[in-house]
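As a plain string of letters, each chain reads:
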Protein chains: 2
Amino acid sequence: MTNAEIVDAAPAPAAIPVRDEDGRLTDSFLGAVEAALAAEDRDVLLALVGDLHEADVGAVIETLAEDERPAFVRLLGDAFDYTALTELDEAVRVKLLEELPTADIAAGLGELDSDDAVYILEDLDAEDQAAILGELSYSDRMQIERALDYPEESAGRRMQTDFIAVPPFWTVGQTIDHMREADDLPETFYELYVVDPGFRLIGAVALNKILRTPRGEKISAIMTETRHSVLATEDQEEVARRFERYNLVSSAVVDEADRLVGVLTVDDIVDVIQEEAEEDMRALAGVGDEEISDSVVTTARSRLTWLVVNLGTAILASLVIALFDDTIEAMVALAVLMPIVASLGGNAGMQTMTVAVRAIATQDLDARNMMRVLRREVLVGIVNGVALSILIGVVVYFWFDNPGLGMVIGSAIVVNLLFAGLCGLLIPITLDRLRVDPAIASSVFVTMVTDVVGFFAFLGIAAVWFSLPF
Amino acid sequence: MTNAEIVDAAPAPAAIPVRDEDGRLTDSFLGAVEAALAAEDRDVLLALVGDLHEADVGAVIETLAEDERPAFVRLLGDAFDYTALTELDEAVRVKLLEELPTADIAAGLGELDSDDAVYILEDLDAEDQAAILGELSYSDRMQIERALDYPEESAGRRMQTDFIAVPPFWTVGQTIDHMREADDLPETFYELYVVDPGFRLIGAVALNKILRTPRGEKISAIMTETRHSVLATEDQEEVARRFERYNLVSSAVVDEADRLVGVLTVDDIVDVIQEEAEEDMRALAGVGDEEISDSVVTTARSRLTWLVVNLGTAILASLVIALFDDTIEAMVALAVLMPIVASLGGNAGMQTMTVAVRAIATQDLDARNMMRVLRREVLVGIVNGVALSILIGVVVYFWFDNPGLGMVIGSAIVVNLLFAGLCGLLIPITLDRLRVDPAIASSVFVTMVTDVVGFFAFLGIAAVWFSLPF
């Protein structure tokens, strides 16, 4: 059911603003929705949300309390557009689907484009999936099951399987007439595809080209040969990178035999592009694909792994300090100052590494420009190291009234910032060569190096400089 | 000049693969390009790159040495598609443009869609801009100057000013005929717009709808009323969020008087969406919009600010340690172990904060679900704190043969992880309320708190437990 139909069936929506100027849902709007829900007043609820975009409906559902969500869907009944479920966090969606009758879900999914139905079904366990699929029409079921056979996060999972394919010898006129008659088309599309008798992909024609060409012209004369078609088994991140690189709005998806099996559009891919950039950030901080709606247990468990690894590297750094316990006993000021050296090194290392990890992800950093970048990082490390060591040297000189201590901490910082730059660059590059995702493991290694080098350089230089025991 | 024309004019490209299976440019291809450049053989170069997508041409230019880049553009001459410049890092683009003759640049820009021309010109200084604009045709110049009048990073800068607008009373047939005759259309478009006699935007029609509707039907019957049109002065991040939320592929851009002035398409916005997600990551690590091709001075300067702030917070943590110098002198093991407490707290804080910063950016975290999330963070902090404190407690017990020390570090870690969870959530939320970008300043504050609390809790508990002096 489209939004337009819903509007026709319902009274005009009340004039409550849905979002404020920052784009947040307004309290007055949400209050009205909750009141309608509490009163079980379907007409009012329909007037409020019937006309909303699915993204807004999704946002409304997420703000509702857990037990209000199924009530919301049930009260809207037929008028609820299941596309809104694609806008929910996974944890919220799975929980909500558990509360809804299988028959309702099947009826709702039957109305959707196949890619949206797959997106909603794929997180459910096999049993629930089978129950829902069992209630779908044969053709819908076949389409969805075929998509679910593709690996998770592959192009085959994300693609739309309704599309227009024409032979190259058709004219523009024939093609337009065919489109006017075809049904079961996706709600929007931007290209049509040209296939040979074996349904192998030959090319594509943008709709605006069809519209600008006289009816008599042959399709073969205006089509673009396919250059960047996507394999159905390909990982969605690879596909996203290609969409981004070539500014694609849609792309044909083919199987191993080069037969056209589906179409990907950029709106399915925008989320992947964003997730990919976010993934690096989360990986660096040691959080997985956690969502704000995840439970305590899920969250604690996924974060603990990282913290345990961190505990290991922290103990390693402590072992380095333990080498110098006599030095510290002889001069406690060293214990006071040593975290400064480690902290600055860790931060400088994170800076280099963040840039390196993103540059590797976007393929802006590889063997060819590595030496150039390495040279830059070494120089930046030295420049900033010297700047900071002058600053801290002066502070320490006045604080402890000890010029020697200022010199010691200054030189330790230069050494550590140099190492920070080197490791921040070389560790992600090495991990990438070893086919490990550089974002995941880099920050452990980098802070391990900057902690160990920082403590060792500072305490070691101090021991030598002041001829302290160690 | 389109790629198709180039292909007609040049010999068939040699069969060297351009990219390997990972999507990286191959060495053999780049070697061939460099050889052609060195030999100044235009035909070979054209055969190699004439048929490439602008994104690939851009990638080739970036891998070339600095002095080869202008030579590359000059050798290709008329056949060089300036769109490729939009694919370059800013530093590379500006440098390259400095080396090219103004007349060549003007001729190249004249061929481009207006948004691409603006994108290339906007980073140049006013003088160079004026020189190039002076060589453009009057209509091109007017278009570009009008776009440059909009603020940086606004929708007006990114929009395409060629588009199709029709009155609502036209029929589908009239519209199709108009499109067949119009020239100066953008290379691709996905919608056309419906305007009133004052050129005020009324609605939009997707091209696929035009194609599926009989010629006699009125445009007003099939158009969608505009719901999400973009203001030309709006910031591109706001616009990107709207594209993402509503899965838009293109959107009309209007001026203050609601008059249609341009069109934004998703391929212009995809980069913004990615940059926005990346920006948070860079902000957390204290690097600005640095690119891998930036110079040593630019890089060092932009990173130093953050390191100086970090130096300040590190000194604050040292002051806390200094409170306990007598305690440390009495038991040096405390100096050995104290970085573990601070490091675990810092990491746990970064985990919570990363999730919170992204959730705020995507508007998944606000006043309504804050209490729920806060409860979760407190519980996760306690659960993981207890798990880690048992682990480290046992390690310390065996290492120092001191059960009391194990208890002390264990309790300090529970305290610090609790604070880490609280601060990791509350600091970004507070900054957001104060209208400061939470990504920029959060990690300074969070690590400051976890360092200070970590050192204070550990050394303080130890002093009390072992009745040490402080």
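Residues numbered from 1 in each chain as written. Chains lettered and ligands numbered in written order. Predicted model: local features only at pLDDT ≥ 70, side-chain atom pairs only at ≥ 80, totals over all residues. Heavy atoms only, no water.

Considering the pattern of salt bridges
Turning to step 1, where the next piece is worked out: Applying the stated rule across the entire model yields 30 salt bridges over all chains.
Turning to step 2, where the next piece is worked out: Put simply, arginine 19 of chain A and aspartate 56 of chain A hold a salt bridge, and the shortest N to O gap is 2.7 Å. Residue arginine 19 of chain A is located in the loop between α1 (3-9) and α2 (27-38), and its partner aspartate 56 of chain A is located in helix α4 (residues 54-63); the two are separated by 37 residues in the primary sequence. With respect to class, arginine 19 of chain A is no different from aspartate 56 of chain A; both count as buried.
Turning to step 3, where the next piece is worked out: As a salt-bridge pair, arginine 303 of chain A and glutamate 377 of chain B come within 2.9 Å of each other at their nearest N and O atoms. In this pair, arginine 303 of chain A is assigned in helix α17 (residues 296-323) and glutamate 377 of chain B in helix α20 (residues 367-400), connecting two distinct chains. (Salt bridge = Lys/Arg side-chain N within 4 Å of Asp/Glu carboxyl O. Helix = DSSP H or I, 4+ residues; strand = E, 2+ residues; numbered from the N terminus. Buried < 20%, exposed > 50% of the residue type's maximum accessible area, 1.4 Å probe, protein only.)

What to know about the relation of the copies chain B and chain A
Turning to step 1, where the next piece is worked out: Each copy superposes on the other: chain B lies on chain A with an RMSD of 0.1 Å after a rotation of 180 degrees and an axial shift of 0.0 Å. Taken together, the rotation angle and the small translation identify this as a two-fold axis.
Turning to step 2, where the next piece is worked out: Of the interface residues in chain B, 99% have counterparts in chain A that sit at the interface too, so the contact is made through matching surfaces. (Least-squares fit on C-alpha atoms with pLDDT ≥ 70 in both. Contact = heavy atoms within 4.5 Å.)

Focus: the UniProt feature "transmembrane region" (unreviewed entry) in chain A
All names here are of chain A.
Turning to step 1, where the next piece is worked out: The sites that carry the UniProt feature "transmembrane region" (unreviewed entry) are, in the present numbering, residues 304-324, 330-350, 378-400, 406-427 and 439-468.
Turning to step 2, where the next piece is worked out: Taken as a whole, residues 330-350 contains 90% helix and 0% strand, while its terminal C-alpha atoms sit 33 Å from one another.
Turning to step 3, where the next piece is worked out: Counted over residues 406-427, helix gives 100% and strand 0%. Its end C-alpha atoms are 31 Å apart. (UniProt positions renumbered as here; feature names shortened; annotations may be inferred.)

So, the sheet that holds strand β6 (residues 250-254) of chain B
All names here are of chain B.
Turning to step 1, where the next piece is worked out: One open sheet holds the three strands; their spatial order is β5-β6-β7, and the pairing between them is mixed. The open sheet terminates on both sides in strands that have one partner only, identified here as β5 (230-231) and β7 (260-265).
Turning to step 2, where the next piece is worked out: With five bridges joining them, β6 and β7 adopt antiparallel strand pairing. Along β7, the bridge assignment pairs serine 250 with threonine 265.
Turning to step 3, where the next piece is worked out: In the packing of helix α15 (residues 236-245) onto the sheet, the strands contacted are β5, β6 and β7, and the crossing angle to β7 comes to about 60 degrees. (Pairing = 2+ DSSP bridges. Axes fitted to C-alpha atoms, helices over the stretch in contact; angles between N-to-C directions.)

Quick notes on the packing of aromatic side chains
Residues and elements named next belong to chain A.
Turning to step 1, where the next piece is worked out: For the coordinates displayed, the defined rule picks out 11 aromatic pairs over all chains.
Turning to step 2, where the next piece is worked out: Plain terms: the ring middles of phenylalanine 72 and phenylalanine 80 are 6.4 Å apart, the flat faces sit at 85 degrees to each other, and that makes the pair edge-to-face. Note on accessibility: phenylalanine 72 and phenylalanine 80 belong to one class, buried.
Turning to step 3, where the next piece is worked out: Between phenylalanine 80 and tyrosine 82, the ring centres sit 5.1 Å apart and the planes meet at 75 degrees, which makes this aromatic pair edge-to-face. Just as phenylalanine 80 is buried, tyrosine 82 falls in that class too.
Turning to step 4, where the next piece is worked out: Counting every residue linked through ring pairs, the aromatic cluster contains Phe72, Phe80 and Tyr82. (Phe/Tyr/Trp six-rings, centres within 6.5 Å; stacked < 30°, edge-to-face > 60°.)

Some points on the side chain of asparagine 347 of chain A
Turning to step 1, where the next piece is worked out: Position of asparagine 347 of chain A relative to the elements: it lies in helix α19 (residues 333-361).
Turning to step 2, where the next piece is worked out: For asparagine 347 of chain A, a relative accessible area of 18% gives the class buried.
Turning to step 3, where the next piece is worked out: Sequence-distant contacts of asparagine 347 of chain A, that is, excluding residues within four places in its chain, are made with Trp306, Leu307 and Asn310 of chain B.

Regarding the nonpolar core
Turning to step 1, where the next piece is worked out: Within the largest apolar cluster, 76 residues are counted, with the highest numbers of intra-cluster contacts made by Ile328, Met338 and Phe458 of chain A together with Ile328, Met338 and Phe458 of chain B.
Turning to step 2, where the next piece is worked out: In this view, methionine 338 of chain A contacts Ile321, Ile328, Phe455, Phe458 and Leu459 of chain A together with Ala335, Met338 and Pro339 of chain B; residues no more than four positions away in its chain are not counted.
Turning to step 3, where the next piece is worked out: Formed by 47 residues, the second largest nonpolar core is a distinct cluster that contains Leu30, Val33, Leu37 and Ile144 of chain B. (Core = buried A, V, L, I, M, F, W, Y, C linked by side-chain atoms within 4.5 Å.)

Observations concerning the packing of helix α19 (residues 333-361) of chain B against α20 of chain B
All names here are of chain B.
Turning to step 1, where the next piece is worked out: Relative orientation of the contacting elements α19 and α20 amounts to 155 degrees, with a least axis distance of 12 Å. Judged by the angle between their axes, α19 and α20 are roughly antiparallel. At the point where α19 passes α20, the crossing takes the right-handed sense. Contacts between α19 and α20 pair Ala333, Val336, Leu337, Ile340, Leu344, Thr352 and Val355 from the former with Arg376, Glu377, Leu388, Ile392, Val396, Trp399 and Phe400 from the latter.
Turning to step 2, where the next piece is worked out: Taken together, the residues that form the contact of α19 with α20 break down as 11 nonpolar, one polar and two charged. (Parallel < 35°, antiparallel > 145°, perpendicular 65-115°, else oblique. Left-handed = near helix turned anticlockwise from the far one by under 90°. Nonpolar A, V, L, I, M, F, W, Y, C, P; charged D, E, K, R; others polar.)

Quick word on the pairing of strand β6 (residues 250-254) of chain A
Working note: regular strand, side chains alternate between the two faces of the sheet.
Residues and elements named next belong to chain A.
Turning to step 1, where the next piece is worked out: When you tally the buried positions in β6, you get five out of five residues, the bulk of the element.
Turning to step 2, where the next piece is worked out: For strand β5 (residues 230-231) and β6, the ladder comprises two bridges, and the chain directions are parallel. Opposite valine 230, over in β6, you have valine 253 as the bridge partner.
Turning to step 3, where the next piece is worked out: A loop of five residues connects β6 with strand β7 (residues 260-265), the two strands running antiparallel in sequence, and aspartate 258 in this loop sits at a positive phi of about 70 degrees.

Structural notes on empty space enclosed by the protein
Turning to step 1, where the next piece is worked out: Applying the stated criterion to the full structure yields 11 cavities of 30 Å³ or more.
Turning to step 2, where the next piece is worked out: Put simply, the largest cavity is a space of about 810 Å³.
Turning to step 3, where the next piece is worked out: Around the largest cavity, the lining comprises 39 residues; the ones closest to its centre are Gly346, Asn347 and Thr447 of chain A together with Asn347 and Thr447 of chain B.
Turning to step 4, where the next piece is worked out: Sorting the residues of the lining of the largest cavity by element identifies α16 (266-285), α17, α19 and α22 (438-465) of chain A together with α16 (266-285), α17 (296-323), α19 and α22 (438-465) of chain B as the ones contributing at least two each.
Turning to step 5, where the next piece is worked out: Per element, the largest residue contribution to the lining of the largest cavity is seven residues, and it comes from α22 of chain B.
Turning to step 6, where the next piece is worked out: In terms of residue class, the lining of the largest cavity is made up of 22 nonpolar, 15 polar and two charged. (1 Å grid on protein atoms, 1.4 Å probe; cavity = no way out; pocket = protein on both sides within 12 Å on 5 of 7 lines; lining within 4 Å. Points joined across faces, edges and corners; volume = space filled by probe spheres on them.)

Quick notes on the side chain of arginine 376 of chain A
Turning to step 1, where the next piece is worked out: Checked against the element boundaries, arginine 376 of chain A lands in helix α20 (residues 367-400).
Turning to step 2, where the next piece is worked out: For arginine 376 of chain A, a relative accessible area of 4% corresponds to the buried category.
Turning to step 3, where the next piece is worked out: Discounting residues that sit within four places of it in the chain, arginine 376 of chain A has contacts with Val355 of chain A together with Glu290, Glu291, Ile292, Asp294, Ser295, Val296, Thr299 and Arg303 of chain B.

A few points about the domain arrangement of chain A
Turning to step 1, where the next piece is worked out: Parsing chain A into structural domains produces domain 1 (3-153), domain 2 (165-283) and domain 3 (296-465).
Turning to step 2, where the next piece is worked out: Each of domain 1 of chain A and domain 3 of chain A has a C-alpha centre, and these two points are 49 Å apart. (Domains from an automatic or database assignment.)

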